[in-house]
Amino acid sequence: MASVEVLEAKASITRSKTRKGKLWKYRSLIILALPGILLMLINNYLPMFGIFLAFKDLNYTEGIWASKWVGLDNFKFLFASNDAWRIIRNTLFYNLAFLIINTVLAILLAILLNEVKNKLMSKFFQSTVILPNFISMVIVGYLVYGFLNPDLGFVNKFIMEPMGWEPINWYATPEHWPYILTIVNTWKNVGYAAVVYLAAIIGIDQEYYEAAVIDGASRWKQMTNITIPLIAPVIIILTVLAIGRIFNADFGLFYQATMASGMLKSTTDVIDTYVYNAAIVTGDTGLASSAGLLQSVVGFILVVSVNLIVRKFSKDNALF
């Protein structure tokens, strides 16, 4: 019995020395990773203490811990209000539309970019399509305003008037904005996704295509039988991650592109703009926190659920 304990103690000491040895061996990499780890802790984990605000009636003079605990009252108020179902509906429908449209267009654009064999032109087109992703949404908002300004906008001044049509006050007619926001979102984000898919396509062994050409396969058959199946893991991963953020809207898109027009709230108000208005405009921190917590919990559940479904059919393509 004593000999077993001695062996276990020696094994424990050996494991400890091995861990210390690995830490020392990779000390340079650990030091390089420390700034990123600290940044993640400060930005991603420390703010989690703010979850308590969703269950409290915050009093700034008393502080977070001393403020009155109200339990689920903030959530009850959120769902009892007339705004709750509107913002949830808008957030879900917009994100579903963005997910489907952007995924399809990004894959098609990536396939088209892969057909450009001239390296200089290929780099030019890649840079061109990815450029909108790096433009600030504030600038995008003013670009949209330049097109849709009721008096001097490009659409009214140079398209509607010459055609003899009545100018439209775009920022007072909410029914047009589901299409406008979808176009703006696609223009801004589809290029980045296309470059990601292009990287996956470039990694495909060219022998597959050579064999397909010998067999007489057309471009369409090569795309449907080789390209898309082989980049399916990347498509699945990006789709699962996007589904996890289906309750998180692009605040800049819905706030800046619409110029925060109150006339458009019926079709442009989403959870993120609602949280902003609740926290900054009305000062209702508890309501804003409860809405934000709802986004996080639903996103987590969706990621886990979709990953389980993917794992059921293909373990290799699952995130975890």
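Since this is a predicted model, take the numbers as computed values, not measurements.

Reading the values: the criteria
- Per chain, the residues get numbers from 1 upward, laid out in the order the sequence is written.
- Local features are withheld for residues below a pLDDT of 70 in this predicted model, meaning they are given only at 70 or higher, and side-chain atom pairs are given and counted only at 80 or more; totals for whole chains, interfaces and linings count all residues.
- Side-chain metrics rest on all non-hydrogen atoms present in the structure, leaving aside hydrogens and water.
- We call a set of buried Ala, Val, Leu, Ile, Met, Phe, Trp, Tyr and Cys residues a nonpolar core when their side-chain atoms join them within 4.5 Å.
- Burial classification: accessible surface area is computed with a 1.4 Å probe over protein chains only, and a residue below 20% of its type maximum counts as buried, one above 50% as exposed, and the rest as partly exposed.
- Helix and strand definitions follow DSSP, with helices as H or I runs of at least four residues and strands as E runs of at least two, each counted in order from the N terminus.
- What makes two residues a contact is simply this: any of their non-hydrogen atoms within 4.5 Å.
- pLDDT is defined as a per-residue confidence score from the predictor, taking values between 0 and 100.
- Axis lines are fitted to C-alpha atoms, over the contacting stretch for helices. Their N-to-C directions set the angle, which ranges from 0 to 180 degrees.
- For classification, angles of less than 35 degrees are called roughly parallel, those exceeding 145 degrees roughly antiparallel, those between 65 and 115 degrees roughly perpendicular, and all remaining angles oblique.
- Should the near helix be turned anticlockwise from the far one by less than a right angle, the crossing is left-handed, and should it be turned clockwise, the crossing is right-handed.
- In this classification, Asp, Glu, Lys and Arg are treated as charged, Ala, Val, Leu, Ile, Met, Phe, Trp, Tyr, Cys and Pro as nonpolar, and every other residue, Gly included, as polar.
- The aromatic pairing rule takes the rings of Phe, Tyr and Trp, using the six-membered ring of Trp, and pairs them if the centres are within 6.5 Å, calling planes under 30 degrees apart stacked, those over 60 edge-to-face and the rest tilted.
- Two strands form a pair only when DSSP identifies at least two bridges running between them.
- For this document, the term salt bridge refers to a Lys or Arg side-chain nitrogen within 4 Å of an Asp or Glu carboxyl oxygen.
- Expected helix span is given by 1.5 Å per residue-to-residue step, counting one fewer step than there are residues.
- In this description, one arc is meant: the one made by directions from the helix axis to the C-beta atoms.
- Identification of polar contacts relies on pairs of N or O atoms within 3.5 Å, with a donor-acceptor requirement for protein atoms, meaning one able to donate a hydrogen and the other able to accept it, and with residues adjacent in sequence counted only if both atoms are side-chain atoms.

Student: What exactly am I supposed to notice about the nonpolar core here?
Tutor: Considering soluble globular proteins, one finds that nonpolar side chains tend to be buried as a cluster. Core analysis: the largest hydrophobic core is formed by 21 residues, its most contacted members being Leu148, Trp177, Leu253 and Phe254. If you list the elements that add at least two residues to this core, you get helix H5 (83–114), helix H7 (137–148), helix H8 (154–160), helix H9 (177–202) and helix H13 (251–256). If we ignore the near neighbours within four places in the chain, the residues touching Leu253 are Phe98, Met137, Leu181, Val184, Asn185 and Thr258.

Student: Quick question: what am I supposed to make of the confidence of the model for the chain here?
Tutor: Caution applies to low-pLDDT parts of the model: their predicted coordinates are not meant to be read in detail. Put simply, the chain has an average pLDDT of 85, and 94% of its residues get 70 or more. Within the chain, the lowest mean pLDDT, 63, falls on helix H1 (residues 2–25), and the highest, 94, falls on H9.

Student: Got a minute to help me understand the packing of H5 against helix H12 (residues 232–244) in this structure?
Tutor: The geometry of a pair of packed helices is captured by two quantities: the angle between their axes and the separation between those axes. Between H5 and H12, the least distance of the axes is 11 Å, while the angle of their chain directions is 155°. Overall, the two elements H5 and H12 adopt an arrangement that is roughly antiparallel. Crossing of H5 over H12 shows right-handed handedness. Mapping the contact onto sequence places Leu99, Thr103 and Ile107 in H5 and Ile235, Thr239, Ala242 and Ile243 in H12. Partitioned by chemical class, the residues of the contact of H5 with H12 number 5 nonpolar, 2 polar and no charged.

Student: What is the right way to look at the packing of aromatic side chains in this model?
Tutor: Think of a pair of aromatic rings as described by two things: how far the centres are apart, and how the planes are tilted against each other in angle. Across all of its chains, the model carries 14 aromatic pairs by this definition. Plain terms: the ring middles of Phe52 and Trp65 are 5.0 Å apart, the flat faces sit at 65° to each other, and that makes the pair edge-to-face. Placement of the pair is Phe52 in the loop between helix H2 (27–45) and strand S1 (56–59) and Trp65 in helix H3 (residues 63–66), with a sequence separation of 13 residues. Here the aromatic rings of Tyr94 and Phe98 are separated by 5.9 Å at their centres, their planes lie at 35°, and the arrangement is tilted. Taken together, the residues span about one helical turn, with Tyr94 and Phe98 both in helix H5 at a distance of 4 residues. Across the pair, Phe98 and Tyr94 agree in class, each one buried. The structure contains a cluster of three or more aromatic residues connected by ring pairs, namely Phe55, Trp69 and Phe75.

Student: So what exactly am I meant to see when it comes to the environment of Tyr142 here?
Tutor: Considering the arrangement of structural elements, one finds Tyr142 in helix H7. A relative accessible area of 55% places Tyr142 in the exposed class. Counting along the chain gives 73 residues from Tyr142 to Trp69, while the straight-line C-alpha distance between them is 43 Å.

Student: Where do I start with the packing of helix H4 (residues 73–80) against helix H16 (residues 285–313) in this structure?
Tutor: Running from amino to carboxyl end, H4 crosses H16 at an angle of 85°, the nearest separation of the two axes being 9 Å. One finds that H4 runs roughly perpendicular with respect to H16. Contacts between H4 and H16 involve Asn74, Phe75, Phe77, Leu78 and Phe79 from the former and Gly286, Leu287, Ser290, Ala291, Leu293 and Leu294 from the latter. Its residues assigned to classes, the contact of H4 with H16 comprises 8 nonpolar, 3 polar and no charged.

Student: Explain the pairing of S1 here, please?
Tutor: One face of the sheet, then the other: side chains in a regular strand alternate in exactly this way. Only one face of S1 is buried: it carries Lys56 and Leu58, and the other face, with Asp57 and Asn59, is open. In this structure, S1 lies alongside strand S2 (residues 67–69), joined through 2 bridges in antiparallel fashion. The residue of S2 that forms the bridge with Lys56 is Trp69.

Student: Would you explain the side chain of Asn95 in this entry?
Tutor: On the secondary structure map, Asn95 appears in helix H5. Assessed through its relative accessible area of 13%, Asn95 is described here as buried. Beyond its immediate stretch of four places on either side in the chain, Asn95 contacts Arg245, Ile246, Phe247, Asn248 and Ala249.

Student: Would you take a moment to explain the pattern of salt bridges for this structure?
Tutor: Evaluated as defined, the whole model comprises 2 salt bridges. Between Glu115 and Arg219 there is a salt bridge; the shortest N-O distance is 3.1 Å. Of this pair, Glu115 sits in the loop between H5 and helix H6 (119–130) while Arg219 sits in helix H11 (residues 219–230), placing them 104 residues apart in sequence. Its relative accessible area of 57% is what places Arg219 among the exposed residues.

Student: Where do I start with H7 in this structure?
Tutor: Spacing of three or four residues puts side chains on the same side of an α-helix, whose turn is 3.6 residues. Between the first and last C-alpha of H7 there are 16 Å, a value that for 12 residues agrees with the 16 Å anticipated at 1.5 Å per step. Met137, Val140, Gly141, Val144 and Leu148 are the residues of H7 that are buried. Viewed end-on, H7 has its buried residues packed into an arc of 105°, placing them on one side of the element. With a side-chain oxygen lying 3.2 Å from the backbone nitrogen of Val138, the N-terminal cap of H7 falls on Ser136.

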